[in-house]
Amino acid sequence: MGIYAVTGGSSGIGARTAELLRAQGNTVYDIDIRNADIFGDLSSPEGRKNVIDALHKECPDGLDGLVCCAGVSNSCGNLKLILSLNYFGCVALANGVFDLLKKKRGACVVISSNTISSGAARMDVVDFLNNHEDENRSRKLVENLDPVRDGHSIYVATKYALVRWMRRVSAQWAADGVRINAVAPGNVATAMTARMTPQEWNATMALPIPTMYGKEALMDPTDIAEAIIFLVSSKGHGVNGVCLFADGGTDALLNSEKVY
């Protein structure tokens, strides 16, 4: 059995992923800001360092897999937090434990969103994130933006930039024996979506999920977790540098003419 680390493993998709990995007999380190095996705030450089140091202490012989689920949506109302946690936190942690993944020729999965194909991302922010390593400068880009008006476009930008980063490093990582992929979930029943207003729920249900057609329901976290586990396991050995849309066919419904 393997050794895995899952960020955001105390709730939602991360919790279900950790649960299923443990059910297979694996050792799983849940990384979160509360109720976790390893406590750490991945939105701050200090918190990331603490988590990276803890993983090196707990897993000196290496990691079989890293799953980066920790993130926030635009509903948090904090654009700087969205940048720091969704993009910089994920990239820093993955880079910080790359040596542990390399020891066991492991795999990494980062969590994006099916909104990356909607055209809503602020591409100037995407380009800045992917081409500058200065987190403070990136945060200054959004300090004068309106969280209500611009929150969604910034959220999507972080998820878009994350996939682009993943694809850029995938060949180099694979040459060192480490695969990396992304999963782009659609609308999933989590604590976050449970807080939707009736108006938000009606707007969400206006676009039916093909695999859930005829039901007023969102996808289950298990649907996403199973896709993650496939990619992070040896069964996904032939898959590298791919963004897998685990959204019940919503992206295909909206973008049926796009094949790549």
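Keep in mind that what you see is a predicted model, and the values were worked out from it rather than measured.

Trainee: Got a minute to help me understand the environment of Ile 224 in this structure?
Mentor: Take Ile 224: it is sitting in helix H9 (residues 221-232). Look at Ile 224 and you get buried, because its relative accessible area is 0%. Measuring from C-alpha to C-alpha, the distance between Ile 224 and Gly 186 comes to 8.9 Å, with 38 residues separating the pair along the chain. Once residues lying within four places of it in the same chain are set aside, the contact partners of Ile 224 are Ile 13, Val 183, Pro 185, Val 188, Met 219 and Ala 246.

Trainee: Where do I start with the pairing of strand E6 (residues 179-185) in this structure?
Mentor: Along any regular strand the residues' side chains alternate between the sheet's two faces. In terms of residue burial, E6 counts as a mostly covered element, since 7 of its 7 residues are buried. Here E6 shows two buried faces, one formed by Arg 179, Asn 181, Val 183 and Pro 185 and the other by Ile 180, Ala 182 and Ala 184. Looking at chain direction, strand E5 (residues 107-111) and E6 are connected through 5 bridges and run parallel. Bridging from a neighbouring strand, Cys 108 pairs with Ile 180 of E6.

Trainee: Please clarify how the state of the cysteines should be interpreted in this entry.
Mentor: Linking two cysteines covalently through their sulfur atoms gives a disulfide. For the coordinates displayed, the defined rule picks out 0 disulfides. No disulfide involves Cys 90; its sulfur sits 3.7 Å from the nearest other cysteine sulfur, which is in Cys 68. According to the relative accessible area criterion, Cys 90 is buried, its value standing at 7%.

Trainee: Explain the packing of helix H5 (residues 123-131) against helix H7 (residues 147-175) to me, please; I cannot follow it from the model alone.
Mentor: Two packed helices can be described by the angle between their axes and the distance between those axes. Taken N-terminus to C-terminus, the directions of H5 and H7 make an angle of 40°; their axes are 9 Å apart at the nearest point. Classified by the angle between their axes, H5 and H7 sit oblique to one another. For the pair H5 and H7, the sense of crossing is right-handed. Contacts between H5 and H7 pair Met 123, Val 125, Val 126, Asp 127, Leu 129, Asn 130 and Asn 131 from the former with Ile 154, Ala 157, Thr 158, Tyr 160, Ala 161, Arg 164, Trp 165 and Arg 168 from the latter. Partitioning the contact of H5 with H7 into residue classes produces 9 nonpolar, 3 polar and 3 charged.

Trainee: Help me out: how do you make sense of the nonpolar core in this one?
Mentor: Across soluble globular proteins, nonpolar side chains have a tendency to be buried as a group. In terms of nonpolar packing, the biggest core is built from 52 residues, with Leu 55, Leu 66, Val 110, Trp 165 and Trp 173 touching the most fellow members. It is H7 that contributes the most residues to this core, 11 residues altogether. Judged by nonpolar contacts, the second largest core, of 25 residues, contains Val 188, Met 219, Ala 225 and Ile 229.

Trainee: Got a minute to help me understand the pairing of strand E1 (residues 3-7) in this structure?
Mentor: Counting buried positions along E1 gives 4 out of 5 residues, so the element sits mostly inside the fold. For E1 and strand E2 (residues 27-32), the ladder comprises 5 bridges, and the chain directions are parallel. For Ala 5, the partnering residue across the bridge sits in E2 and is Tyr 29. Tracing the backbone out of E1, into helix H1 (residues 12-23) and back to the parallel element E2 gives a crossover that is right-handed.

Trainee: Could you clarify how one ought to interpret the sheet that holds E1 in this entry?
Mentor: Strand pairing within a sheet occurs via backbone hydrogen bonds; the two strands may be parallel or antiparallel. Taken in spatial order, the 7 strands make up an open sheet running E3-E2-E1-E4-E5-E6-E7, and their pairing is parallel. Among the strands making up the open sheet, the edge pair consists of strand E3 (38-39) and strand E7 (243-246).

Trainee: Is there a simple way to think about H7 in this case?
Mentor: Structural remark: α-helix, 3.6 residues per turn; residues separated by three or four positions point the same way. Between its first and last C-alpha atoms H7 spans 40 Å; for 29 residues at 1.5 Å apiece the expected length is 42 Å, and the two agree. The axis of H7 is deflected most strongly, by about 40°, at Val 169. Its side-chain oxygen at 3.0 Å from the backbone nitrogen of Val 148, Asp 146 defines the N-terminal cap of H7.

Quick notes on the rules
- Residues numbered from 1 in each chain as written.
- Predicted model: local features only at pLDDT ≥ 70, side-chain atom pairs only at ≥ 80, totals over all residues.
- Heavy atoms only, no water.
- Helix = DSSP H or I, 4+ residues; strand = E, 2+ residues; numbered from the N terminus.
- Buried < 20%, exposed > 50% of the residue type's maximum accessible area, 1.4 Å probe, protein only.
- Contact = heavy atoms within 4.5 Å.
- Pairing = 2+ DSSP bridges.
- Disulfide = S-S within 2.5 Å.
- Axes fitted to C-alpha atoms, helices over the stretch in contact; angles between N-to-C directions.
- Parallel < 35°, antiparallel > 145°, perpendicular 65-115°, else oblique.
- Left-handed = near helix turned anticlockwise from the far one by under 90°.
- Nonpolar A, V, L, I, M, F, W, Y, C, P; charged D, E, K, R; others polar.
- Core = buried A, V, L, I, M, F, W, Y, C linked by side-chain atoms within 4.5 Å.
- Right-handed = clockwise from strand over helix to strand, strands pointing away.
- Expected span 1.5 Å × (residues − 1).
- Bend = angle between axes of the 7 residues up to and from the residue.
- Polar contact = N/O pair within 3.5 Å; in protein donor to acceptor, adjacent residues only side chain to side chain.

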